[in-house]
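Secondary and tertiary structure notes
Chain by chain, the residues run as shown.
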Amino acid sequence: MVLSWIVTRNAEPVTTERLSPQSKPHVFIPKALRAVGLAVASAGVSVCGWANTGVVVATMNATGGLSLSNCVGCGSTYQKEVRDSSGNLYLAHSEMYNGKRRVFLARSTDNGATWANTTAAPIETAGDVPTADSYDQSDPALAIDSFDVLHLVWGGTNNSLDVSGGVEPKLVYSSAPVPGTAWSPYVKIPANAYEGSEGPFMIAVDGLDGLHIAWSGQDSGGYDNAVRYSSRSAASSQWTPFVEVNVGANEEHYPAMVIGADNAVHLTAGQKLGHAGGADVSVVYASRTLTGGWSPWTTVAYVSPYYIDNAFTSLVITSSGTLFVAWSGPDATYPQQQAKYSTLSPGGSWSAPLNIQPIAGSPEYDVSLAVDDADRVYAVWTSSDGGNPILNIKKSVY
């Protein structure tokens with residue numbers, strides 16, 4: 001089995017590359033997503049996905065060219081990548097270490113051609129407690145500020161973080177200056193007293209080097225989830241008490257977050273009607289200024305009944321303030337879910353959903369977006385089609 005990258009420009013195929021099997025791709029801009037649009041290299045974006053040999057990283061330029069490399073030994077889930085002011089790439093990932101999944105940081109000094117972990121041991125210590133009291137660490141997310149300090153959040157699991165038993169991940173934070181070899185002691189960011197499962201997590205840096213975290217977590221047993229938010233100014237070491245964004249009669253899962261040039265914070269999430277195990281799912285949006293409260297959830301698009309996992313969203317913002325959100329879902333023409341997107345211009349309303357590049361009879365999943373300094377928006381997603389019925393990854397430039 002091989003994997004096909006189909007590179008497109010404005011939905012017109014221009015070239016094809018063959019890779020190893022991969023799943024759940026992620027797209028990363030060369031610099032951490034920042035409020036003031038700090039110079040994103042015109043070379044394009046880095047794309048990361050899992051292969052049976054580890055993480056495959058592709059640098060994609062604006063005309064669709066690809067440069068491929070393996071991050072040998074990198075783990076298979078929730079990779080997050082940033083670039084420092086010297087051009088070095090950093091990839092937070094998870095891999096097995098002494099029988100448990102732990103968080104590592106890989107670094108590339110040659111624009112992704114080769115990779116190596118910055119430390120032989122995990123960069124977090126939450127899994128260092130005795131085996132009987134610690135478990136897999138999960139869902140690392142990474143950001144970098146203008147001082148080249150790396151900021152990491154992940155799902156920490158041990159019996160100190162969760163006195164009820166430790167197996168449900170809790171939001172924890174650590175930081176390190178580049179090159180990422182000396183990490184601060186991890187800090188738990190307290191959330192709901194129920195102490196349920198938390199994650200996945202998003203972390204972003206605003207134009208003042210303040211930090212923002214969004215994540216989903218349980219409020220009670222079963223399916224009850226809400227989107228949570230906490231922040232910290234650059235001058236403080238204290239995180240604000242978490243808030244649950246517009247918590248109410250529905251559930252929200254899997255937030256995506258970006259910060260605009262005005263330091264406004266934008267969120268999208270999957271919303272499930274009611275609190276039942278199966279219910280209609282929509283993509284929703286909310287925002288806040290740096291000092292204000294959250295706007296109500298606004299519906300971007302209906303996704304589908306029952307499948308909350310369809311509502312994983314990816315969100316980017318251009319230098320002009322236009323938001324792009326992408327997700328996967330079916331419609332009347334394509335009963336199998338397709339990669340979709342919608343846009344929101346400043347002062348406007350969300351556009352009607354459009355398919356990025358639909359293929360009849362072939363489901364499309366796991367859409368990720370990135371934007372460069374020329375406001376080109378890149379998308380990558382998993383799919384299958386007649387040329388490769390098992391799995392392949394496609395991408396497009398808007």
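Scoring rules and cut-offs
Residues numbered from 1 in each chain as written. Predicted model: local features only at pLDDT ≥ 70, side-chain atom pairs only at ≥ 80, totals over all residues. Heavy atoms only, no water. Pairing = 2+ DSSP bridges. Helix = DSSP H or I, 4+ residues; strand = E, 2+ residues; numbered from the N terminus. Buried < 20%, exposed > 50% of the residue type's maximum accessible area, 1.4 Å probe, protein only.

1. Observations regarding the sheet that holds strand S24 (residues 323-329)
What links the strands of a sheet is backbone hydrogen bonding, and the strands pair in either a parallel or an antiparallel sense. Pairing within the open sheet is antiparallel, and its four strands lie in the order S23-S24-S25-S26. Every other strand in the sheet has two partners, leaving strand S23 (314-317) and strand S26 (354-355) as the edge strands with one partner each. Bridge analysis of strand S25 (residues 338-344) against S26 gives two bridges, and the strand direction is antiparallel. Pairing of Lys-340 across the sheet is with Asn-355, part of S26.

2. Here we look at unusual backbone geometry
With an omega dihedral of 15°, the bond running from Val-178 to Pro-179 counts as a cis peptide bond. Counting through the fold element by element, Pro-179 comes out in the loop between strand S13 (170-177) and strand S14 (187-188). Residue Pro-200 follows Gly-199 across a cis peptide bond; omega there is 0°. With respect to the element layout, Pro-200 can be found in strand S15 (residues 198-205). One non-glycine residue, Asp-148, lies in the positive phi region at around 60°. A positive phi is found at Tyr-254, a non-glycine position, where the angle reads about 55°. With respect to the element layout, Tyr-254 can be found in strand S19 (residues 251-259).

3. Considerations on the pairing of S25
For S25, the buried fraction is high: seven of the seven residues fall into the buried class. Where burial is concerned, the two faces of S25 agree: the one with Gln-338, Lys-340, Ser-342 and Leu-344 and the one with Ala-339, Tyr-341 and Thr-343 are both buried. The pairing of S24 with S25 spans seven bridges and is classified as antiparallel. If you follow Phe-324 over to S25, its bridge partner there is Thr-343.

4. Describing the sheet that holds strand S10 (residues 116-117)
One open sheet accounts for four strands, arranged S7-S8-S9-S10; its pairing is antiparallel. Looking at the sheet topology across the chains shown, the edges are occupied by strand S7 (80-83) and S10. Summarising the sheet, strand S9 (residues 100-108) and S10 pair through two bridges and their orientation is antiparallel. Paired with Ala-106 across the two strands is Asn-117, which belongs to S10.

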